[in-house]
Amino acid sequence: MLLQQNWVSPHWAWQSLGKPFLLFVFLMLQTADLQARRGHQFVWKTGHWGRCIGDCGSGGVRSRAVWCTHAEGWTTFHANCDQQNKPESQRRCFKVCDWHLELFEWEVSGWDRCGLVPAAGAEAGAEVCVTAQHGLQRRSVRCLQKLNRTVVSSEICEYFSPQPPAEQACLVPCPRDCVVSPFSGWSPCGPGCARSLQHRTRAVIAPPLYGGAPCPNLTESRACGAAACPLGEEQHTYSLRLGPWGECRLPHPKDAELAGRTMLDLGSDSGERSTSGLGGSHAQHAAGEVEIGFQTRQVRCVRSDGKHAALSLCLQDPAAAVTSRSCVIPKDCTTSEWSPWSPCWRSCGWGSVAAGLRSRRRRVRSVAVGTGKPCPELEEREACSGGGKASLQPCPRFAWRTSEWKACQVSLLLDQQDPHHQKQAGLCGGGIQTRVVYCAQIIVELGTHRPKEVARPVDGKLCQGPAPASSQLCHLPCLAECAVSSWSPWGPCLPESCQHRHGGRGFRMRQRQVVVDPVGTLAGCPHLVESIPCEDARCHEWEVSEGACVTERGHCGPGHRVLKAVCKSRKGEEVPHHLCSELPHPEVVACEVPCARDCVLSEWSPWSPCSHSCSSKNAEGTQSRSRSIVALPAEGGKACPPERALQEQRACNEHPCVHFFWEVSPWSSCSEDVLGTALNVTSSWSGEPSCGVGIQTRKVFCRKSTSGQVTPKRCPESIRPEAARPCLLPCRKDCVVTLFSEWTPCPTACQPGNSTAVKQSRYRIILQDSASGGQPCPDTLYEERECEDVPICPVYRWKSHRWSPCVLVPASVRQGLPGQSEPCGHGLQSRAVTCLSEQGGSAAVGDCVRWAGAMPALVQECLIPCKDDCTFTPWSKFTACSSDCDTARSRRRSLTGRSRKRDKCQNTEVYPQVETEPCPCEAFTSQPHGNWSDCIITGGPPELQLGMPAQGAARECGQGVRLRAIACYDRSGRLVEPSRCSTTGYIEEPCTVPCPFDCRLSDWSSWSPCSSSCGPGVRVRSKWLKEKPYNGGRPCPKLDLRNQVHEAVPCYSECNQYSWEVGPWSPCKINSEQNSLHCGEGIQTREVRCVSTAEDHSEEAVPNALCSQAEVPEAVQKCTLYCPSECAVSDWGQWSPCPQVCDPNIMQIRTRQVLRSPLSSKACPEESQMKPCILNQNCFQYQYNLTGWSGCQLGANATCGHGERRRLLSCRRSDGATVSMQLCQRLHLEKPVPTSSRCVVGCAVDCQLSPWSAWSQCSHTCGAGGQMVRGRSVVLRAAGEGRPCPEQLSQHRSCPVKPCYSWLLGPWSPCTVQGGQCGDGLQVRNLTCVVHDASVSATSKPVENALCGELPSKENVLELPCSVPCPGDCHLTEWSEWSSCELTCISGRSFEPTGRQSRSRAFIVQAAENRESCSGQEMETRPCSGGKCYDYLWQSSPWRDNVRTVWCQRSDGMNVTGGCPLRTKPAEVRHCSPPCRKPFSYCTQRGVCGCERGYTEVMRSNGLLDYCVKVPGLEDKKADVKTIAGKNKPVNSKMHDIFKGWSIQPFNPDGKLKIWVYGVSAGGFFIIIFLIFTSYLMCKKTKQHQSPPPQQKPLTLAYDGDIDM
């Protein structure tokens, strides 16, 4: 029942809760499944990263698209994909900007070696290599930041240039097997019956390359053929074999008191040795203690067959074997723990790409003892990334900067031409201006990326690229004085204003014009108007003209003239009458017309010019006029007036000779207009409104010509000059200087305590001078101060204590070993060495290791003499040397104790008691070394601070010195310091650099007068040669035959400057001898003279040559004095003018009047004349004419630069004559322009160089061949005809030959086994301090070790363990000689720049039993230069019995093994294919089957032998068969093949003719002779009394071997 109840409760629970639970579980499973399926069905996809955008540097951002896709490819919501694995859509990047170009660069390494590239799918060895194989070589390509060489992303560099390729195809030569030489000869066998081996060796000539086969065995051995020795009769030799020394160990504790040990007591300075017992534990040792232990070795006697034998067979006294020795227990160097890392140090950086550095140190606690490990590095550095970006300063950049140009200086240019020219004022024209060029630091602020100017000068080496020019050509305007024309004539008396009609006070004035405007002068122009006060001033005047005389009755007698008055202005223009004052009176003037009997007078002549321009007390102006008698009166007529009535005179120019003018002072400087008196001018007409408008003032006063200032009323107010004018205020300029440069660095390394104080300096540069009241420049441009906190080097020193007693191998150890048991011989002794501070207190060992140099030796060898040894006192000191160089010095020692009685100790050859050596000699000789230096001109400006302008130029020529270095040697020929022979280390010799001399001309002569008196002409001036140029001076201009150079400029003379002045005609003079009536034709004269029309000459006479000779007026002319009652006419009037355009149809007319009618009916002469207007006769045309341009004219004080060229204007008449300009001006012709233009005369500028730099450090610290160099640069390039820049911009000189001291390692000695014949020994070499001059052929001479300083590093080992093989041991031979240098070549051309050479060692087997265990040949290869290409070709001997020898030969004739390709190796044995198995067949030389002798071949259709058939009729076939069958082949197979088908064989088996062939030939010969002789006898005719027939020459037949014979 209880059970049932227990079951019902769960059942009820299941009934009530089971279904919902199942449903929940089902839903959970579905959800999990859905999640799982969604994880597999939906995946994230990303696009490509976009470009980096944002700020320059590391603040950029790049983005990419991220989306969710279904497995089938369609895109869905992001929520369907797993959010935890969503890829990032943005990342930070480095944004590259254009200015980053200077910060990053590609770093490309060299190409690696070419490596083989396996072909895809190709089997190994499938392809046969012929010449080379395809390969690939790689290199590293990285993008680096230039400042600290850290690697950054390649994208930064790709922004500026594409990435260089990192791979390229290449060729790899075919595999080459190891090449070895031929074997040497066999070594000789030993004597006697011992079973020994003989061997032969070969050497490696070329190593295996590119996968070639390795080297074969270099040794071959074989047993000697000697018979075995009978038992017991073997002959042996014995050798003492020494084993290696064992480990150094301390003796057993019970032997401690014998061994002892010495420790360094670093805690106290007493230096007392403490010898402590050796306890059971050796762990508690003080640091740096020296423990002396012992080591042992085995000694054995070895027989010649390699077996061991009794020691007594090798040593007579086995106790003499050295089997133990003292040694130092090795201790390694111990150091402290590393200090913490220093902070990461970064001076600057761009963004996050810069890496910094940090370091840490450790100290030495105890030094290495014995063979212990030496001390490791004590300082370690590593790259680090800085912490915060904020503290990091951006990296500086540097660029060239300049000050403003200084003022233009003409003297700098003149100094080049003549350094001694007078420093005159007013120089102008071409010049040179300079500025300071310096390197400045520019900081680009991160984030802003705009350069922030920091004008701080730095070292010029930091700026890249060429520096800007520091000087240039410039132009200084020339001062031009004001030039004015001559005064015009005085004008009429005019009132100041013409408003008043009536006369009153006024002024007469005259003017002059400005011809040349002033340039750069304060004086300005002189006054241009002068005036004279006058009283009757009128603006308008009546002009009165008289009419004809009208008689009152009849044709003659009294009458009247009517006056006609016209009101005219002072300019001659007609104006209304009311402007003139009262009318003129009278209006009618009486006159008279001569009757027929009256005297006739001419009209009054014009008034002559006034004799004076003004009136004074001493001189008054007058003018006159005259008239003459034209016709004489008849009786009853009116008589002629007396002669005085024919002249009239009147006063003129009555005004006094005093004139007045306005005079002005120079304008004041521009100042501020405080009172507002300047014109109301806005500042807009100023280019710089900030500077404003000011005012200039000047004084104006009236001045009298003869005295000083007068009242202003005396000068016309209307032309009074202004006293104030507006002006531009000059802008105020403050002085601008750079910041101070950085202080020059103080030394970071510590300085010795007794050194002088180190100073540091800084400077700044003036960029702009102050002007117009600006802030002045500071006085201090250079500052200096002492360095603060310069570390003083600490002073430590080693203190050495006394040596311990000599420690030997403990007695217990010695007694247990074979050898000497007496406690004597060689041992070791030690001492304590402590470190002391400067004050004498103890210090850590590490301090002395760092500051006090090498530690003194802790251990040294010592000797305890044995009872049989010779003992001596220590050596005495050497005796003193005299001053003589040829003396010697000596030292002595003497025997002590029992040694004095031993005979062997008395032998001074073995035990010397006196030592002698030559005294050191202080005699030195010098030898010149190297070439002479360039000629060095001494004297010039001192070395200047950077950025400071040079003051004065360096001398380029003249006296100098040239130097030659010397090498100084002591008496024994050793190189010593050159100061021992000469204070400078040089031989000096005076030299001269020839100075260039320019062409020198004289100064210009004065200008000649103008060549023309009317119109344009030329003025000339000249220079002449004073000194010709030489040594490359400036050349002369083109000279004429008289060595002169001329300059001509156009000039113009006014045509009315000189004019002909004529006096009045004299009365007509009648020749009274021929004419009693004193009338009719006669002559009259007048005075003609040339006068100057210039005002200041007041018409004084000048030479007639100055006036135009073509226009000389007549001085004599015919005249007529009409007789009484004759018709009298006046002189001819002027011809009427011709029109401007000449026309012959237009007439020119002149008229005359009848002055008196005749009494008779005789007609009067003609009253008018006409003539046509003919060109260039009586009609002229006028035009302006221009001369050619003049040369470029410079200012008076200028030598080059801007000038002006002119051309002159003249008036030319149509017949070519030059006439007064007024004739052209009257016609109002158009003037040609321009008459002047700007031009430039090129400046001849010599090349200007900077001063020489200081001499550089010597290129070699010691030895010969060192060079010092100094240089200069071009500051200003040559221009025009200036001296060009010299080619030599640098000078070299050899350095004095300082001795080079170096440690020289001697050669290794042979392996020596001390005390034995074989086994383990030592190879040693010496380390010597030598002096030499570092040249290739230098001879080294040994000197004291102290001169070489510290011993070389640990790599230079002076002892090496080695072994001498004992009988029966295998051993390696000595190294072979290096092979010749061989290049790797493809088709005869070198594949690599360097070649290779090899050497090898073979192993030698001495006993047959050890042959299996001996191996280990060695090979070395090294690069070499100057190699050759070698070919390897197969060679073969002739075939012998189908066998020949084939070998490989190098192209230089050496037979080698390896090197030739095996696939081309010729066959060594010849085989027929198929083989010759037919009866009576054999293999022929041609490699085909043939038949034996006596048989012939029957061939198949395919050319192969079918079978052999016997040749019929052969007698000796059996013998032949036997003979032939025994041979493999006939000797002469070719002849055999020819004759083998014949039934009779003429040849022997050896190829020679058989005897029967010779017999047949001889028989045939005799038969022929017989037949000829018989024919002769039969044909001969019998003749008596005939002489015998002549003897016949015998017929000789020669057999030439031809078979047809």
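Parameters and conventions
- Residues numbered from 1 in each chain as written.
- Predicted model: local features only at pLDDT ≥ 70, side-chain atom pairs only at ≥ 80, totals over all residues.
- Heavy atoms only, no water.
- Helix = DSSP H or I, 4+ residues; strand = E, 2+ residues; numbered from the N terminus.
- Buried < 20%, exposed > 50% of the residue type's maximum accessible area, 1.4 Å probe, protein only.
- Contact = heavy atoms within 4.5 Å.
- Areas by Shrake-Rupley, 256 points an atom, 1.4 Å probe, with all protein chains shown as cover.
- Pairing = 2+ DSSP bridges.
- Disulfide = S-S within 2.5 Å.
- Core = buried A, V, L, I, M, F, W, Y, C linked by side-chain atoms within 4.5 Å.
- Salt bridge = Lys/Arg side-chain N within 4 Å of Asp/Glu carboxyl O.
- pLDDT = per-residue confidence, 0-100.
- Phe/Tyr/Trp six-rings, centres within 6.5 Å; stacked < 30°, edge-to-face > 60°.
- Lys NZ or Arg CZ within 6 Å of the ring centre and 35° of its normal.
- Polar contact = N/O pair within 3.5 Å; in protein donor to acceptor, adjacent residues only side chain to side chain.
- Patch = residues over 30% accessible without salt bridge, like charges linked within 9 Å, V, L, I, M, F, W, Y side chains within 5 Å.

Asker: What's the story with the overall build of the protein chain in this structure? I'm lost.
Answerer: Broken down by element type, the protein chain carries 10 helices and 101 strands. Here the protein chain, with 1605 residues, has 29% of them falling under the buried criterion. Contacts spanning at least 24 positions in sequence make up 69% of the contacts within the protein chain whose residues lie at least 6 apart. Carbon and sulfur atoms make up 53% of the accessible area of the protein chain, which totals about 101000 Å².

Asker: Is there a simple way to think about the sheet that holds strand E86 (residues 1327-1332) in this case?
Answerer: Two orientations exist for strands paired in a sheet by backbone hydrogen bonds: parallel and antiparallel. Spatially, 3 strands are ordered E84-E86-E87 in an open sheet, and the strand pairing comes out antiparallel. Each edge of the sheet is formed by a strand with only one pairing partner; in this case those strands are strand E84 (1300-1305) and strand E87 (1341-1342). One ladder, built from 6 bridges, connects E84 with E86; its direction is antiparallel. Within E86, the residue paired with Trp1303 across the bridge is Cys1329.

Asker: What should I look at first to understand the environment of Ser718 in this one?
Answerer: Mapping Ser718 onto the fold places it in the loop between strand E48 (709-710) and strand E49 (724-728). Classification of Ser718 by relative accessible area gives exposed; the value is 53%. In this structure, the C-alpha to C-alpha distance between Ser718 and Ser497, residues 221 residues apart in sequence, is 8.5 Å.

Asker: Could you clarify how one ought to interpret the state of the cysteines in this entry?
Answerer: Put plainly, two cysteines are in a disulfide when a covalent bond ties their sulfur atoms together. As enumerated under the stated definition, the model contains 53 disulfides in all. Here Cys248 connects covalently by a disulfide to Cys327, the sulfurs 1.9 Å from one another. The chirality of the disulfide connecting Cys248 with Cys327 is right-handed, given an S-S dihedral of about 100 degrees. Here Cys327 lies in strand E22 (residues 324-328) and Cys248 lies in the loop between strand E17 (238-242) and helix H3 (256-259), a separation of 79 residues in the sequence. Owing to a relative accessible area of 14%, Cys248 belongs among the buried residues under this scheme. The partner cysteine of Cys408 in its disulfide is Cys474, sulfur to sulfur 1.9 Å. Disulfide Cys408 to Cys474: torsion about the S-S bond roughly 90 degrees, handedness right-handed. Here Cys474 lies in strand E31 (residues 471-476) and Cys408 lies in the loop between strand E27 (396-402) and helix H4 (410-417), a separation of 66 residues in the sequence. Residue Cys408 shares its accessibility class with Cys474, and that shared class is buried.

Asker: Quick question: what am I supposed to make of the nonpolar core here?
Answerer: Within soluble globular proteins, side chains that are nonpolar generally end up buried alongside one another. The biggest cluster of nonpolar side chains holds 16 residues, and the ones touching the most others in it are Val290, Val328, Val367, Val369, Trp798, Cys835 and Leu858. At the level of elements, strand E19 (290-296), strand E56 (833-837) and helix H6 (845-851) are the ones that each hand at least two residues to this core. Counting residues in each nonpolar core, the second largest holds 13 residues, with Cys97, Trp99, Trp106 and Val141 among its members.

Asker: Honestly, the pattern of salt bridges in this entry has me stumped. Any pointers?
Answerer: A full pass over the atoms with the stated rule returns 40 salt bridges. Between Glu220 and Arg200 there is a salt bridge, with its nearest N and O atoms 2.8 Å apart. With Glu220 in strand E16 (residues 219-223) and Arg200 in strand E14 (residues 197-201), the pair connects residues that are 20 residues apart, well separated along the chain. Glu220 sits in the partly exposed class, given a relative accessible area of 32%. Close ionic contact of Arg1089 with Glu1061 constitutes a salt bridge, the shortest N to O distance being 2.7 Å. A residue pair is termed long-range when its members are at least 10 positions apart, and Arg1089 in strand E69 (residues 1088-1092) and Glu1061 in strand E67 (residues 1058-1062) qualify at 28 residues.

Asker: Can you help me understand the confidence of the model for the protein chain in this one?
Answerer: Close inspection of predicted coordinates is inappropriate for parts of the model with low pLDDT. On average, residues of the protein chain score 79 in pLDDT, and 83% of them are at 70 or above. Within the protein chain, the lowest mean pLDDT, 37, falls on strand E18 (residues 261-262), and the highest, 94, falls on strand E13 (residues 179-180). Overall, residues 1-15 carries pLDDT values under 50, and its contacts beyond four positions in sequence, including any with other chains, amount to 2 contacts. Across residues 678-689, where pLDDT falls below 50, the model places 16 contacts with residues more than four positions away in sequence or in other chains.

Asker: Whenever I open this one, the packing of aromatic side chains confuses me. Can you help?
Answerer: One pair of aromatic rings is described through two measures. These are the centre distance and the angle between the planes. Under the definition given, this model contains 6 aromatic pairs. Residues Phe872 and Tyr911 carry aromatic rings whose centres are separated by 6.1 Å and whose planes lie at 40 degrees to one another, so their mutual orientation is tilted. Highlighted residues: Phe872 in the loop between strand E57 (859-864) and strand E58 (888-892) and Tyr911 in the loop between E58 and strand E59 (914-918), separated in sequence by 39 residues. An angle of 15 degrees between the planes, with centres 4.1 Å apart, marks the rings of Phe1480 and Tyr1495 as stacked. Taken together, the residues Phe1480 in the loop between strand E97 (1455-1456) and strand E98 (1481-1483) and Tyr1495 in strand E100 (residues 1495-1499) connect sequence positions 15 residues apart. By relative accessible area, which is 34% here, Phe1480 ends up partly exposed. A relative accessible area of 8% places Tyr1495 in the buried class. The side chain of Lys1171 reaches across the aromatic face of Trp1135, ending 4.4 Å from its centre. Its guanidinium or amino end placed over the ring of Tyr1430, Arg1450 lies 4.0 Å from that ring's centre, counting from NZ or CZ.

Asker: Any chance you could explain the environment of Leu413 here in plain terms?
Answerer: Note on placement: Leu413 falls in helix H4. Along the sequence, Leu413 and Val1245 sit 832 residues apart, while their C-alpha atoms lie 6.9 Å from each other. If we ignore the near neighbours within four places in the chain, the residues touching Leu413 are Gly430, Gly431, Ile432, Cys1200, Cys1243, Ala1244 and Val1245.

Asker: Sorry, what's going on with the side chain of Arg1450 here?
Answerer: Relative to the elements of secondary structure, Arg1450 occurs in strand E96 (residues 1446-1450). Residue Arg1450 is classed as buried on the basis of its relative accessible area, which comes to 3%. Polar side-chain contacts of Arg1450 include one of 3.3 Å to the side chain of Ser1380. Beyond its immediate chain neighbours, meaning those up to four positions away, Arg1450 contacts Ile205, Ser1380, Glu1382, Tyr1430, Asp1431, Tyr1432 and Val1456.

Asker: Looking at this structure, how should I read unusual backbone geometry?
Answerer: Among all residues save glycine, negative phi is the norm, and among peptide bonds the norm is trans. The omega angle of the peptide bond from Val1233 to Pro1234 is -10 degrees, so this bond is cis rather than trans. Among the structural elements, Pro1234 can be located in the loop between helix H7 (1221-1226) and strand E79 (1236-1241). The phi dihedral of Asn1043 falls on the positive side, at around 55 degrees, and the residue is not glycine. Residue position: Asn1043 is located in the loop between strand E65 (1015-1027) and strand E66 (1044-1053).

Asker: When you look at the sheet that holds strand E5 (residues 75-76) in this model, what are you seeing that I'm missing?
Answerer: Reading across the sheet, the 3 strands line up as E1-E4-E5 and stay open at both edges, with antiparallel pairing between neighbours. Strands at the two margins of the open sheet, each flanked by one partner only, are strand E1 (42-46) and E5.

Asker: Just checking my understanding: could you explain the side chain of Ser1481 for this structure?
Answerer: Within the secondary structure, Ser1481 is located in strand E98. Polar contacts involving the side chain of Ser1481 include one to the main-chain carbonyl oxygen of Lys1478, which spans 2.6 Å. Contacts of Ser1481, omitting those with residues within four sequence positions, involve Cys1476, Gly1490, Cys1491, Glu1492, Leu1505 and Cys1508.

Asker: Explanation requested: a nonpolar patch on the surface in the structure shown.
Answerer: Together, Met1147, Ile1149 and Met1170 give the surface a local cluster of nonpolar side chains, amounting to about 270 Å² of exposed area. For Met1147, the location among the structural elements is in strand E72 (residues 1147-1151).

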